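# Structural overview for review
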Amino acid sequence: MSIANTLSISTVSSQFIQDWLVALQSICDRDHYFSLLERSGLPTARHAPQGRVTLDQIVRLYKIAAVETEDEMMGLWSRPIRPRALQHLLTSMRESTSLSSALYRYSTFWNLLLDDHQFQLVDSTENKALCLVHQTNDPIQRFGHMLILKLAHGIVSWLARNEVPLAAIDFAFKRPAFEQDYAVIFPAPVRFSAPVTAIHFRTDTLGPVRIRSSHDLDRFLENAPQDWIFTRSQEHTQSLRVRAYLSQSTWDEAHLNGVASALNMTPRTLIRKLDADGTSFQAIKDGLRRDIAIRRLQVGDTSIEGIAQDVGFSSAASFHKAFQRWTGATPSSYRRRQSPAD
């Protein structure tokens, strides 16, 4: 399984989207809010800290909420972003001759719409940074900052017809407990407590814009946010390369020495690289097991015992114990509350 495919079954912590849910609550009445959650397949109770959210659920919630709230940023900014704003942004950016000029158009577009933030483009010797400068003393909307940076990366990659490499991502908020979730979104080092939120592009990757037709534009909008929020890059952290390798192995083969050899390094070097990513081999293995189990619980009718065997547990009891540690719920209760709405 490739990195792209392993990301398609990835999950993020429920804390990752909590800012978004709070924003949605501020622009919906109670019944509408819970209806949005139910139709997206999200639990209607407040997420436990250990809870997990699939990328499919995030996509479904975006598609429904952006339409029904008539705000394409769904309460994330002080001013609603009215319907068709994204279409106008794409139309403007696809007329650019270079990716650098497309980033300029991106910044000027949002500077017309946002009251509480302004974009600035900053050039250095090797990088071009698109900086999001907070204009008020209000708390930073972490999900909003993530989403608007990833939208810039997604559109620029769409215009280049390949995923444009990133040099780094900066966020002007403190390192959250769910920091590892950002690796699912951004194929670059992510730094926190920065002076400003910014996405850094390598200047030598910002080449010409490849022509995009009206049909391409319509398809991009139809698939939003699937085609731009979740990265497909091969330039991921070492931890996601390990995860991709494990996805192609049997659980009997999923051991440190074998993975290190396959990646042409010693076990000690792999341990050191994973530590630099803030994780460990066992954590990656458990995360993959967890995400496969969650997907099976959501979309299939495989028994709990069958899922336990599929993800490498010798007994259903040990799987139950591990799953509850990962998500704060038993497999049976998770299946009941997380099944997508019809």
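The structure this text deals with has already been given above.
Conventions we followed
Residues numbered from 1 in each chain as written. Predicted model: local features only at pLDDT ≥ 70, side-chain atom pairs only at ≥ 80, totals over all residues. Heavy atoms only, no water. Core = buried A, V, L, I, M, F, W, Y, C linked by side-chain atoms within 4.5 Å. Buried < 20%, exposed > 50% of the residue type's maximum accessible area, 1.4 Å probe, protein only. Contact = heavy atoms within 4.5 Å. 1 Å grid on protein atoms, 1.4 Å probe; cavity = no way out; pocket = protein on both sides within 12 Å on 5 of 7 lines; lining within 4 Å. Points joined across faces, edges and corners; volume = space filled by probe spheres on them. Nonpolar A, V, L, I, M, F, W, Y, C, P; charged D, E, K, R; others polar. Salt bridge = Lys/Arg side-chain N within 4 Å of Asp/Glu carboxyl O. Helix = DSSP H or I, 4+ residues; strand = E, 2+ residues; numbered from the N terminus. Phe/Tyr/Trp six-rings, centres within 6.5 Å; stacked < 30°, edge-to-face > 60°.

Counting residues in hydrophobic clusters, the biggest one holds 74 residues, and the most contacted among them are Y106, W110 and I155. Beyond its immediate sequence surroundings of up to four residues, W110 is in contact with M73, I81, L89, F119, I148 and L151. V259, A260, L274 and A322 belong to the second-largest nonpolar core, a separate cluster that totals 27 residues.

Turning to empty space enclosed by the protein, a few remarks are in order. Scanning the entire structure with this criterion turns up 1 cavity of 30 Å³ or more. Approximately 60 Å³ is the volume found for the largest cavity. Forming the walls of the largest cavity are Y62, E72, M73, I81, L86, L89, W110, L151 and W228. The class makeup of the residues in the lining of the largest cavity is 8 nonpolar, no polar and 1 charged.

A few words now on the pattern of salt bridges. Inspection of the entire model under this criterion finds 15 salt bridges. Put simply, D115 and R79 hold a salt bridge, and the shortest N to O gap is 2.7 Å. Of this pair, D115 sits in the loop between α6 (99-113) and β3 (117-123) while R79 is found in the loop between α4 (55-68) and α5 (85-93), placing the two residues 36 residues apart along the sequence. The residue D204 makes a salt bridge to R202 at a minimum N-O spacing of 3.6 Å. Classification of D204 by relative accessible area gives exposed; the value is 66%. In the salt-bridge network here, residues are joined through shared partners; they are R161, R212 and D216.

Evaluation of the coordinates by the stated rule reveals 21 aromatic pairs. Aromatic pair F173 and F192: ring centres 5.9 Å apart, planes at 50 degrees, arrangement tilted. Placement of F173 in the loop between β5 (166-170) and α8 (182-185) and of F192 in the loop between β6 (190-191) and β7 (197-202) is noted, with a sequence separation of 19 residues between them. What makes F173 buried here is its relative accessible area of 7%. Ring plane angle 50 degrees and centroid distance 5.7 Å describe the contact between F319 and F323, whose orientation is recorded as tilted. Of the two residues, F319 and F323 both sit in helix α16 (residues 316-327), 4 residues apart, roughly one turn of that helix. Accessibility assignment for this pair places F319 and F323 in one class, buried. Three or more aromatic residues joined by ring pairs make a cluster, and in this case those are F16, W20, F143, F171, F173, F178, Y182, F186 and F192.

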